Each structure stands twice: as structure tokens, then as C-alpha cells.
Amino acid sequence: MASYKLSINGSSFSVEADPKMPLLWVLRDLLNLTGTKYGCGMSQCGACTVHLNGNAIRSCTMPVSAVGTQKITTIEGLSTDNSHTVQQAWIAEQVPQCGYCQTGQIMSAVALLKRNPNPTDRDIDMAMQGNICRCGTYPRIRKAIHKAAAMMKQPPAKGF
């Protein structure tokens, strides 16, 4: 076992873990951040996607020892009330069916929109490949990403 100080969702966490333990299990089992899901354990499905310094990575194969001082963002770190623009677009377009893959899908979409605020369908397809949805909601996912991109361009509403 080794000690790690991790920066997750803007907070600092100390954990004792085997250096080979995947980040996914540190998040879920040691820190009770269960929004990140286990799907395959081989970086093939995308259910375990989190951000490492703003980049989408698969946490199921990332050993905790490789994280170092990098900043981790999980689905819980986007918002506590589903107010993040991508989450709002997901809700508006009724993307989830069973919902299991959605946290990974949302995390990949957020990373895409940070890199490319006006993605084409091809950009979306390329960025989202590796995120598997067994329910086949890919058309709604693409539509929600376009909606989120449009929403991000709108100025904030002014209060009265």
C-alpha cells in the first residue's frame, strides 16, 4: 500500500491504495464517488471516463500511481444539480434509455466541447468513439452535443 494525495473535483483527498489499483476503484470503493461506472475493465466501453487535467481518460486502466498531481474531474464534479450545460442538453434531448453509460458519454462530450466548441457530426463521432451505448442512443447523443454547443454560445439570461 502507498499513500496518495489526489485532487478530485476541486478538493484534496488522501488515500491508501495499492499502486496498481485502477483510479476507477479508488474513486468508487475508497472515496464513494460512484457516478463513474465500471463497464469492461479494458478501456473499451467508456463507462469509466473521467477527466485528467481536462482530458477524457478511461479510469479502469489508469493506475492510481500514474495520476500524480494531475487534477481529476468526475461526473460529480461537473455540477451537483445537473446544471452543467451538457447535462442540461442531455435532459432536454432525453438521451438516456437505461442510463448506465451516460456518465462516461457526458464526460467525453464535455472534453470534446472544451477542445472544439462547434463540432461537426464527424468531430462528434470521432470524439465519442469508444463510448459504447448498448441501447443505441447515438443519434440523441449527437443531437445533445450539438444542443450543448449552441447553448454555450448563448449569453447568460439577465435577472430582473
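Bear in mind the structure is a predicted one, so any value in this text is a computation, not a measurement.

Asks: Honestly, the overall build of the protein in this entry has me stumped. Any pointers?
Replies: A count of helices and strands for the protein gives 6 helices and 5 strands. When its helices and strands are written in sequence order, the protein yields β-β-α-β-β-β-α-α-α-α-α. Taking 15 Å as the expected radius of gyration for a compact globule of 160 residues, we find that the protein reaches 16 Å, a close match to that expectation. Projected onto its principal axes, the C-alpha coordinates of the protein cover approximately 50 × 40 × 25 Å. Counting every position in the protein, which comprises 160 residues, the buried fraction comes to 40%. Sequence-distant contacts, at least 24 apart, represent 56% of the contacts inside the protein between residues at least 6 apart. Taken as a whole, the protein presents about 8,800 Å² of accessible surface, with 52% of it coming from carbon and sulfur. The averaged location of the 9 negative side-chain charges in the protein is 5 Å from the averaged location of its 16 positive side-chain charges.

Asks: Can you help me understand the sheet that holds strand β5 (residues 71-73) in this one?
Replies: Sheets are built from strands paired through backbone hydrogen bonds, the pairs being either parallel or antiparallel. Taken together, the 5 strands give an open sheet; going across it, the order is β2-β1-β5-β3-β4, and neighbouring strands pair in mixed fashion. With one partner strand each, in any of the chains shown, β2 (11-17) and β4 (55-58) form the two edges of the open sheet. The sheet shows a mean angle of 40° between the axes of neighbouring strands, taken without regard to direction. Note: strand β1 (residues 2-8) against β2, 7 bridges, orientation antiparallel. Looking at β2, one finds that S3 is bridged to E16. Running over the sheet, helix α1 (residues 23-30) touches β1, β2, β3 (49-52), β4 and β5 and is turned about 100° from β2. Helix α4 (residues 102-115) contacts β3, β4 and β5 of the sheet and is inclined by roughly 35° relative to β3.

Asks: Can you help me understand the packing of α4 against helix α5 (residues 121-128) in this one?
Replies: Think of two packed helices as two axes; the pair is described by the angle between the axes and how far apart they sit. Packing of α4 against α5 brings their axes to within 10 Å, and their N-to-C directions diverge by 130°. With respect to each other, α4 and α5 are oriented oblique. In terms of crossing hand, the pair formed by α4 and α5 is right-handed. Taken together, the residues of α5 that come into contact with α4 (itself represented by Q105, S108, A109, L112 and R115) are D123, I124, A127 and M128. In terms of residue class, the contact of α4 with α5 is made up of 5 nonpolar, 2 polar and 2 charged.

Asks: Would you mind showing me how to read unusual backbone geometry here?
Replies: Outside of glycine, negative phi angles account for most residues, and trans bonds account for most peptide bonds. You will see that N9, though not glycine, has its phi angle at about 55°, which is positive. Inspection of the secondary structure assignment puts N9 in the loop between β1 and β2. For N82, which is not glycine, the phi dihedral falls at a positive 60°. In this structure, N82 sits in the loop between α2 (75-78) and α3 (85-92). The class for N82 is partly exposed, based on a relative accessible area of 40%.

Asks: Sorry if this is basic, but what is going on with the packing of aromatic side chains here?
Replies: When we look at a pair of aromatic rings, we describe it by the centre distance and by the angle of the planes. Across all of its chains, the model carries 1 aromatic pair by this definition. Measuring from ring centre to ring centre gives 5.3 Å for W25 and Y38, while their planes differ by 35°; the resulting arrangement is tilted. On the criterion of sequence distance, the pair formed by W25 in helix α1 and Y38 in the loop between α1 and β3 is long-range, its members being 13 residues apart. Under the relative-accessibility criterion, Y38 is labelled partly exposed at 36%.

Cut-offs used in this document
- Residues numbered from 1 in each chain as written.
- Predicted model: local features only at pLDDT ≥ 70, side-chain atom pairs only at ≥ 80, totals over all residues.
- Heavy atoms only, no water.
- Helix = DSSP H or I, 4+ residues; strand = E, 2+ residues; numbered from the N terminus.
- Rg over C-alpha atoms; globule rule 2.2 N^0.38 Å.
- Buried < 20%, exposed > 50% of the residue type's maximum accessible area, 1.4 Å probe, protein only.
- Contact = heavy atoms within 4.5 Å.
- Areas by Shrake-Rupley, 256 points an atom, 1.4 Å probe, with all protein chains shown as cover.
- Lys, Arg positive; Asp, Glu negative; His and termini not counted.
- Charge placed at Lys NZ, Arg CZ, Asp CG, Glu CD.
- Pairing = 2+ DSSP bridges.
- Axes fitted to C-alpha atoms, helices over the stretch in contact; angles between N-to-C directions.
- Parallel < 35°, antiparallel > 145°, perpendicular 65-115°, else oblique.
- Left-handed = near helix turned anticlockwise from the far one by under 90°.
- Nonpolar A, V, L, I, M, F, W, Y, C, P; charged D, E, K, R; others polar.
- Phe/Tyr/Trp six-rings, centres within 6.5 Å; stacked < 30°, edge-to-face > 60°.

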